[in-house]
Amino acid sequence: MSRRLNNVYERLLRRFRERPYSSGFLAVCALSGGGVVAYSVATRETYDDVGAPKKKVVVLGTGWAGTSFLRNLKNPSYDVQVISPRNYFAFTPLLPSVTVGTVEARSVVEPIRNIVKKNNVNVNFCEAECYKIDAQNKKVHCRSTKNANEEFIVDYDYLVVAMGARVNTFNTPGVEDHCLYLKEVEDAQKIRRKVIDCFEKASLPNVSDEERRRMLQFVVVGGGPTGVEFAAELHDFVSEDLVKLYPTVKDFVKISLLEATNHILNMFDKRITTFAEEKFHRDGIDLKTGSMVVKVSDKEISTKEIKTGVVSTIPYGMAVWSTGIATRPVVVDFMKEIGQANRRVLATDEWLRVEGTNNIYALGDCATINQRRVMEDISSIFEKADKNRSGTMTIKEFQEVVDDICDRYPQVQLYLKNKNMSSLVDLLKESKGDATKEVNVDEFKSALSQVDSQVKNFPATAQVAAQEGAYLADCFNRMDKCEKRPEGPIRFRESGRHRFRPFRYKHLGQFAPLGGEQTAAQLPGDWVSIGHSSQWLWYSVYASKQVSWRTRSLVVSDWMRCFIFGRDSSQI
Ligand code: FAD
């Protein structure tokens with residue numbers, strides 16, 4: 001009898017393992033605020049070749065960081081659930097081109113299902129937004145983007161938070177109601193329609209000149225790379241295409257760029273900033289630096305001169321707000337839950353693991369790496385190096401840990417590079433003033449006292465996000481191997497080694513397209529190039545960085561179409 005029961009149980013178990021997806025959805029209906037909320041708990045189980053349950057990895061977001069993680073994840077022993085309100089990846093550096101039709105919206109997006117089907121990992125996608133991360137119970141609460149009443153919970157073994165950031169309005173009154181943003185593909189499409197809308201309305205016969213001037217006043221707020229690139233694209237669109245199509249109103253057009261600090265493109269080399277400012281003056285783009293927007297109404301923008309405090313107003317037809325990013329509300333709530341309430345941005349360690357958690361990773365714009373300071377660990381480093389506990393460290397003892405120090409604290413290498421030193425031993429010798437063979441803890445502290453000045457936060461760019469995604473996927477690919485044979489630096493405050501080497505960012509350079517087929521490029525080693533040659537470099541880099549051959553060919557054909565026929569000004 002018991003053997004027959006066993007057989008039945010085994011057959012049921014086998015069938016369950018063969019068809020795991022059909023088993024796990026428990027639908028509950030709950031009444032909420034008068035409406036019906038469909039509430040489900042997604043408990044999907046899949047098994048590896050030896051019958052052990054696969055580790056569940058939940059990825060929040062399909063932007064640069066999330067997509068890079070998914071593209072590089074090769075280890076089939078994970079069961080991956082992707083949750084994102086958009087079912088595609090968007091190539092954001094080309095969004096300014098989408099606003100004026102140089103490139104079409106569909107040319108810069110790739111369905112996420114297309115991207116993930118290429119590797120052998122089991123990936124499932126849900127178009128939904130996560131509204132709560134429950135770190136204690138290892139669950140994420142999600143809501144469908146198609147039906148806000150449909151909510152579900154997904155549990156995880158590892159969570160990868162790659163939700164990006166939201167636009168920062170600095171709580172400026174009127175911005176949310178009256179300004180357009182340039183963050184998502186939909187934003188770029190809205191801007192494209194609005195520009196043509198302004199031209200069509202201004203061309204109606206009974207509009208006064210004053211009203212015409214207002215309608216064709218385009219204001220860009222924020223002199224960072226996105227604001228500058230958009231202003232340049234808009235200028236090209238107007239001067240190359242629209243003036244020919246709307247000759248009666250062309251003299252009323254004005255583009256203004258407002259920037260609160262004294263210069264635009266502050267993160268670039270001074271030569272690029274100066275060139276960009278001069279080019280904008282030549283092009284007739286009204287550049288107002290030191291000018292902070294304090295209020296936006298439906299037809300006017302109020303700005304305050306930082307130096308004088310004088311407030312003036314600019315009537316406008318379209319305003320685009322591009323002043324930086326802030327943390328999303330769901331991430332703010334999560335930070336409160338894990339004891340990071342006093343921080344502005346979600347902090348991770350150098351392995352991208354969220355501080356205060358074990359199995360949650362955060363990458364891209366939604367997080368920042370909290371680089372450990374050498375001076376916080378200096379006594380532990382000394383103790384580890386001083387193997388014979390003599391109270392002094394010999395150069396030989398020091399040399400045994402020097403690679404681990406450089407690996408664990410990247411600021412050390414930066415500091416040595418800035419001081420033109422080849423090794424940390426030189427730093428010790430310089431600090432002591434002689435070629436000594438031994439140092440005590442105080443001498444050691446004094447030698448390394450300045451290295452932390454080189455701790456830097458990475459910029460919120462696609463480059464950083466993509467590299468972080470690839471790094472984390474590589475760690476996940478080799479998790480078991482590195483568990484057994486750790487390859488990271490020594491743990492100075494504890495015993496053993498870190499499993500992995502910490503994340504290292506490799507800066508490959510940055511571009512600032514300035515319109516008129518001229519681009520500024522700042523490449524590693526502070527190599528600066530401005531003009532038509534960098535424009536060709538920009539074309540080739542951006543074509544090569546596309547995630548698929550489909551988008552690559554679409555983008556290149558859009559550039560050719562635009563070159564031959566100009567941009568399309570239909571308002572659809
Ligand atoms: P994102 O790419 O923003 O992706 C976030 C993802 O999370 C999205 O899929 C989103 O739908 C999803 N998400 C949002 N909320 C939720 C939620 N509640 N639950 C689940 N998922 C959610 N960088 C460069 O290096 N070079 C450039 O030239 C450049 N140009 C840019 C031009 C523009 C117009 C913009 C807007 C940005 C540009 N950037 C550039 C910056 C770059 O796009 C960002 O740094 C990068 O997108 C960050 O990647 P991410 O994955 O962190 O976030």
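### So, the overall build of the chain
The number of helices and strands found in the chain is 19 helices and 28 strands. Each principal axis of the C-alpha distribution contributes one length, and for the chain these read about 85 × 85 × 45 Å. Considering the chain as a whole, with its 572 residues, one finds that 49% of them fall into the buried category. Counting only contacts in the chain whose residues sit at least 6 apart along the sequence, the fraction spanning at least 24 positions is 63%. In the form shown here, the chain has an accessible surface area of approximately 28600 Å², with 51% of it arising from carbon and sulfur atoms.

### Overview of the packing of aromatic side chains
All chains considered together, the criterion is met by 22 aromatic pairs. Note on Phe458 and Phe503: the rings are 5.8 Å apart at their centroids and 85 degrees apart in plane angle, and the pair reads as edge-to-face. Separated by 45 residues along the polypeptide, Phe458 in the loop between helix H15 (441–448) and helix H16 (462–477) and Phe503 in the loop between helix H17 (479–484) and strand E26 (510–513) bring together distant segments of the chain. You can call Phe458 partly exposed: its relative accessible area is 31%. According to the relative accessible area criterion, Phe503 is buried, its value standing at 5%. Above the face of the Tyr409 ring, Arg408 is positioned so that its terminal group lies 5.2 Å from the ring centre.

### Overview of a nonpolar patch on the surface
Together, Val556, Met560, Phe563, Ile564 and Phe565 give the surface a local cluster of nonpolar side chains, amounting to about 620 Å² of exposed area. Relative to the elements of secondary structure, Val556 occurs in helix H19 (residues 549–565).

### Some points on helix H8 (residues 225–245)
Side chains that are three or four residues apart share a direction in an α-helix, a result of its 3.6 residues per turn. With 21 residues, H8 extends 29 Å from end C-alpha to end C-alpha; this agrees with the ideal 30 Å at 1.5 Å per step. The axis of H8 is deflected most strongly, by about 40 degrees, at Val238.

### Brief notes about the pattern of salt bridges
Under the defined criterion, the tally for this structure stands at 32 salt bridges. Within this structure, Glu104, Arg192, Asp558 and Arg561 form a network of salt bridges that share partners.

### Regarding the sheet that holds E26
Taken together, three strands build an open sheet; the order of strands is E26-E27-E28 and the sheet is antiparallel. Of all the strands in the sheet, the pair left with one neighbour each is E26 and strand E28 (527–531). Adjacent strand axes in the sheet meet at a mean angle of 10 degrees when their direction is disregarded. Here E26 runs beside strand E27 (residues 519–523); their pairing, made up of four bridges, is antiparallel. Across the sheet, residue Phe511 finds its bridge partner in E27, namely Ala521. The strands touched by helix H18 (residues 532–544) within the sheet are E26, E27 and E28, with E28 carrying the most contacts at an inclination of about 105 degrees.

### Focus on the sheet that holds strand E16 (residues 291–296)
Reading across from one edge, E16-E17-E18 is the order of the three strands in this open sheet, with antiparallel pairing throughout. Because the sheet does not close on itself, it has two edges, and the strands there are E16 and strand E18 (311–315). Neighbour to neighbour, the strand axes of the sheet diverge by 35 degrees on average, direction disregarded. Here five bridges tie E16 to strand E17 (residues 300–305), and the two strands are oriented antiparallel to one another. Bridging across to E17, Met292 finds its partner in Lys304.

### With respect to the nonpolar core
Counting 98 residues, the largest nonpolar core has Phe69 and Phe476 as the members making the most contacts within it. If we skip the residues at most four places from it in the chain, Phe476 touches Val57, Phe69, Leu73, Asn75, Tyr78, Tyr158 and Tyr361. Core analysis: the second largest hydrophobic core is formed by 28 residues, Val401, Tyr415, Val425 and Phe444 among them.

### Let's talk about a positive patch on the surface
A surface patch of positive charge is lined by Arg71, Lys74, Lys117 and Lys118. Mapped onto the secondary structure, Lys118 falls in the loop between helix H4 (112–116) and strand E7 (122–134).

What counts, and at which threshold
- Residues numbered from 1 in each chain as written.
- Predicted model: local features only at pLDDT ≥ 70, side-chain atom pairs only at ≥ 80, totals over all residues.
- Heavy atoms only, no water.
- Helix = DSSP H or I, 4+ residues; strand = E, 2+ residues; numbered from the N terminus.
- Buried < 20%, exposed > 50% of the residue type's maximum accessible area, 1.4 Å probe, protein only.
- Contact = heavy atoms within 4.5 Å.
- Areas by Shrake-Rupley, 256 points an atom, 1.4 Å probe, with all protein chains shown as cover.
- Phe/Tyr/Trp six-rings, centres within 6.5 Å; stacked < 30°, edge-to-face > 60°.
- Lys NZ or Arg CZ within 6 Å of the ring centre and 35° of its normal.
- Patch = residues over 30% accessible without salt bridge, like charges linked within 9 Å, V, L, I, M, F, W, Y side chains within 5 Å.
- Salt bridge = Lys/Arg side-chain N within 4 Å of Asp/Glu carboxyl O.
- Expected span 1.5 Å × (residues − 1).
- Bend = angle between axes of the 7 residues up to and from the residue.
- Pairing = 2+ DSSP bridges.
- Axes fitted to C-alpha atoms, helices over the stretch in contact; angles between N-to-C directions.
- Core = buried A, V, L, I, M, F, W, Y, C linked by side-chain atoms within 4.5 Å.
- Lys, Arg positive; Asp, Glu negative; His and termini not counted.
- Charge placed at Lys NZ, Arg CZ, Asp CG, Glu CD.

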